[in-house]
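# Report on the structure
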Amino acid sequence: MNKSAENIIVGISIGDLNGIGSEVVLKTFEDSRMLEFCTPVIFANVRIVSFLKKSFESTSSIQGIDKLDQIVLGKINVYNLWREGVDLNLGANDDKVGEYAVKSFVAATKALKEGIVDVLVTAPINKYNIQSEDFKFPGHTDYLAQELEGDALMLMVNDSLRVGLLTDHVPINEVAKHLTEALIVKKIETIKQSLIKDFSINTPKIAVLGLNPHCGDGGVIGSEDETLLKPTIKKLFDKGTMVFGPFSADSFFGSNQYEKYDAIIAAYHDQGLIPFKTLSFGRGVNYTAGLDKIRTSPDHGTAYDIAGKNQADFTSFKEAVYLALDIYKSRIQHQEVVLNPLKTKEK
């Protein structure tokens, strides 16, 4: 496979049209040099994107297409997924607008599955207003896990800092009962394989954070770390996976221990995402690791409070595009190495 520069097609789901998604997408591609790296295809409607473009005073030049076989390389393509107008109220939570966010995401995912686009970058959605009889998923990741092949895992990325989760959108009072040896093994293996294939790290080192305060203090504050995490980690290590822990989560990031590892796995959502966003907010990327296709997104939400005010920072979305392209190229390189092992170079 020979893909280069603008040949890489980036599918973009528009997200919540009342949020900052459209703004960060358009601002990302105002720099024409971005089109030397890829060709974006926005799944929406050219009239509404043109309207938003004017309201944000964006200088991006967009091109409407009615069919996906009309994609023009090196241009910002807007695929007319719907024809009707959409009433917008920037900054407002609107169920009808949520329907269009889902429509964009589902169509972009279909194009990803069919190989029409090479990677998918999703603008932020509102997890509440996307719910319907036809779409009952907490977010992007859960739908992608159903539609694509592999074991989906949310991996937050900022340069060499990568944080994954054993459990993600699970109520805090249910975390412990979701943890099993099989789950821990699957998540660690998923991250390991992603580090090898997607980030070109031949022998990754992975740290696991404990579930309980101070990893349970020998069972005084919960037994899961002693009876489940430690023995599972040891089994994996003995089989050759460079995995370490469990580490006490309260001091792990503050003491810079995270710098010694290629990835960190937290037991639950906030345990991993609070330190990640503290260190990386506005520059981080949410990557859905473990799937046969590539999807990234910015590390923020719809930001209704600043929607329509032309104040949104597009850095995280731009980094999401860059990461998707980097992973796409890494996978091609890894595939070539697997097919031609003599070409492998020491790193």
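Just so you know, these numbers come straight off a predicted model, no measurement behind them.

## Considering the pairing of strand β7 (residues 161–165)
- Of all five residues that make up β7, five are buried, and the element is covered over most of its length.
- Note that strand β6 (residues 150–158) and β7 share four bridges and pair antiparallel. Counted as the bridge partner of V157 is R162 from β7.
- Connecting β6 to the next strand, β7, in antiparallel fashion are two residues, including D159 with a positive phi near 55°.
- Sheet analysis places β7 next to strand β10 (residues 263–266), joined by three bridges and oriented parallel. Looking at the pairing, G164 lines up with I265 of β10.

## Considerations on the environment of V102
- On the secondary structure map, V102 appears in helix α3 (residues 95–113).
- The spacing of V102 and Y268 is 166 residues in sequence and 26 Å in space, taken between C-alpha atoms.
- Those residues in contact with V102 that lie beyond four places of it in its chain are I130 and F135.

## What about the packing of aromatic side chains?
- Within this structure, the stated rule accounts for 16 aromatic pairs.
- A ring pair is formed by F37 and Y322, whose centres lie 6.1 Å apart and whose planes are at 70°; its orientation type is edge-to-face. Pair noted here: F37 is in the loop between α1 (21–28) and β2 (39–44) and Y322 is in helix α10 (residues 315–339), with a separation of 285 residues, a long-range link.
- Classification of Y322 by relative accessible area gives partly exposed; the value is 26%.
- Pairing F247 with Y261 gives two aromatic rings, centres 5.7 Å apart and planes at 55°, and the pair type is tilted. Of this pair, F247 sits in strand β9 (residues 243–247) while Y261 sits in the loop between α8 (249–252) and β10, placing them 14 residues apart in sequence.
- A relative accessible area of 13% places Y261 in the buried class.
- Linked through ring pairs, F237, F244, F247, F252, F253, Y258 and Y261 together constitute an aromatic cluster.
- Seen from the ring of F199, R162 lies directly overhead, with NZ or CZ sitting 4.7 Å from the centre.
- Sitting over the face of the ring of Y261, K205 holds its NZ or CZ atom 5.5 Å from the ring centroid.

## Observations concerning the layout of surface pockets
- Its boundaries defined by the atoms lining it, the largest pocket holds a volume of some 500 Å³.
- As for the largest pocket, its lining consists of 21 residues, and the residues nearest its centre are L291, D292, K293, I294 and R331.
- Elements represented by at least two residues in the lining of the largest pocket include exactly α6 (181–197), β11 (285–291) and α10.
- Of the residues forming the lining of the largest pocket, the biggest block, five residues, is contributed by α10.
- A class-by-class count of the residues in the lining of the largest pocket yields six nonpolar, eight polar and seven charged.
- Reported here for the second largest pocket is a volume of approximately 360 Å³.
- What lines the second largest pocket is a set of 21 residues, and nearest its centre among them are K127, N286, S297, P298 and H300.
- Contributing elements (two or more residues each) for the lining of the second largest pocket: α4 (140–147), β6, α9 (269–280) and β12 (294–298).
- In terms of residue class, the lining of the second largest pocket is built from seven nonpolar, ten polar and four charged.

The rules behind these values
- Each residue is numbered by its place in its chain's sequence as written, counting from 1.
- Two thresholds apply to this predicted model, a pLDDT of at least 70 for residue-level local features and 80 or more for giving and counting side-chain atom pairs, whereas whole-chain, interface and lining totals are computed over all residues.
- Excluded from the side-chain calculations are hydrogens and water; all other atoms, namely the structure's heavy atoms, are used.
- To sort residues, take the accessible area from a 1.4 Å probe on protein chains only and compare it with the maximum for the residue type: under 20% means buried, over 50% means exposed, and anything in between is partly exposed.
- Going along the chain from the N terminus, every DSSP run of H or I of four or more residues is numbered as a helix, and every run of E of two or more is numbered as a strand.
- Between any two strands, pairing holds if DSSP finds at least two bridges.
- Note on contacts: a residue pair qualifies if any of its non-hydrogen atoms lie within 4.5 Å across the two residues.
- Stacked, edge-to-face and tilted are the three classes for Phe, Tyr and Trp ring pairs, Trp counted by its six-membered ring, which pair at centre distances within 6.5 Å; planes under 30 degrees apart are stacked, over 60 edge-to-face, the rest tilted.
- Two limits define a charge over a ring: the Lys NZ or Arg CZ must be within 6 Å of the ring centre, and within 35 degrees of the ring normal.
- A cavity, in this analysis, means grid points on a 1 Å lattice covering only the protein atoms where a 1.4 Å probe fits yet has no way out; a pocket is instead an open set bounded by protein on both sides within 12 Å along at least five of seven lines, and a residue lines either one if it has an atom within 4 Å of a point.
- Grid points are joined across faces, edges and corners, and a volume is the space filled by probe spheres set on the points.
- Charged means Asp, Glu, Lys or Arg here, nonpolar means Ala, Val, Leu, Ile, Met, Phe, Trp, Tyr, Cys or Pro, and polar covers whatever is left, Gly included.

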